[in-house]
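Topology and contacts: notes
The chain contents come next:
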Amino acid sequence: AGLWTVFSKATPQLEQCSPLANQSLLLLLVLANLTNAPDTPNPYRQAIMSFKNTQDNTTFSSSTPHAFQINFNSLYTALCEQQKSDQATLLLYMLLHQNSNVRTYVLARTDIENLV
């Protein structure tokens, strides 16, 4: 429910200020990047690929059982604050490439220079 809580403090050295947050983010990245088996797809990858914005009023399709909602504005702010962290950059890369909802939201932002 609170994916961005792993970015609890905006510091250049996430590893030193919050080792639990750093380890949590690394675990999320590992779980989301496990390979899919033909008969059992990776539920973590499916969740990363399909979550939506809390301000989006559309309903979830029944084909995505691992779908959830998150506040994209808070996620975007946290990612902007943590771009000096390799883990946060990798999460952003994964979200932009695998979740069309996040990609659409980021491209629609007028302050994208904060992220770049």
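Residues numbered from 1 in each chain as written. Predicted model: local features only at pLDDT ≥ 70, side-chain atom pairs only at ≥ 80, totals over all residues. Heavy atoms only, no water.

If you look the protein up in an unreviewed UniProt entry, it shows as Dymeclin from Tinamus guttatus. Taken verbatim from the UniProt record of the protein, the Sequence similarities (unreviewed entry) comment is "Belongs to the dymeclin family." (UniProt positions renumbered as here; feature names shortened; annotations may be inferred.)

Some details on the environment of L91
Here L91 is to be found in helix α5 (residues 86-98). The class of L91 is buried, set by a relative accessible area of 0%. Separated by 12 residues in the primary sequence, L91 and L79 place their C-alpha atoms 8.6 Å from one another. (Helix = DSSP H or I, 4+ residues; strand = E, 2+ residues; numbered from the N terminus. Buried < 20%, exposed > 50% of the residue type's maximum accessible area, 1.4 Å probe, protein only.)

Some remarks on the packing of aromatic side chains
All told, the structure shown has four aromatic pairs when counted by the stated rule. Measuring from ring centre to ring centre gives 5.5 Å for F72 and Y105, while their planes differ by 75°; the resulting arrangement is edge-to-face. Of this pair, F72 sits in helix α4 (residues 72-81) while Y105 is found in helix α6 (residues 100-108), placing the two residues 33 residues apart along the sequence. Across the pair, Y105 and F72 agree in class, each one buried. Note on Y76 and Y105: the rings are 6.3 Å apart at their centroids and 75° apart in plane angle, and the pair reads as edge-to-face. Of this pair, Y76 sits in helix α4 while Y105 sits in helix α6, placing them 29 residues apart in sequence. You'll find Y76 and Y105 in the same group, each marked buried. (Phe/Tyr/Trp six-rings, centres within 6.5 Å; stacked < 30°, edge-to-face > 60°.)

Quick look at the packing of helix α3 (residues 43-50) against α5
Packing of α3 against α5 brings their axes to within 8 Å, and their N-to-C directions diverge by 75°. As summarised for this structure, α3 and α5 are arranged roughly perpendicular, according to the angle between their axes. Contacts from R45, I48 and M49 in α3 reach M94, L95 and Q98 in α5. Looking at the contact of α3 with α5, its residues break down into four nonpolar, one polar and one charged. (Axes fitted to C-alpha atoms, helices over the stretch in contact; angles between N-to-C directions. Parallel < 35°, antiparallel > 145°, perpendicular 65-115°, else oblique. Contact = heavy atoms within 4.5 Å. Nonpolar A, V, L, I, M, F, W, Y, C, P; charged D, E, K, R; others polar.)

A word on the nonpolar core
The biggest cluster of nonpolar side chains holds 20 residues, and the ones touching the most others in it are F51, L79, L91, L95 and L115. Counting residues per element, the ones that place at least two in this core are α2 (19-32), α4, α5 and α6. When near neighbours in sequence (up to four residues on either side) are disregarded, L115 contacts Y76, L79, C80, Q83, L92 and V106. (Core = buried A, V, L, I, M, F, W, Y, C linked by side-chain atoms within 4.5 Å.)

Some points on a nonpolar patch on the surface
Together, L107, I112 and V116 line one region of the surface with nonpolar side chains, adding up to about 340 Å² of accessible area. Positionally, I112 belongs in the segment after α6. Among the residues examined, I112 registers a relative accessible area of 30% and is labelled partly exposed. (Patch = residues over 30% accessible without salt bridge, like charges linked within 9 Å, V, L, I, M, F, W, Y side chains within 5 Å. Areas by Shrake-Rupley, 256 points an atom, 1.4 Å probe, with all protein chains shown as cover. Salt bridge = Lys/Arg side-chain N within 4 Å of Asp/Glu carboxyl O.)

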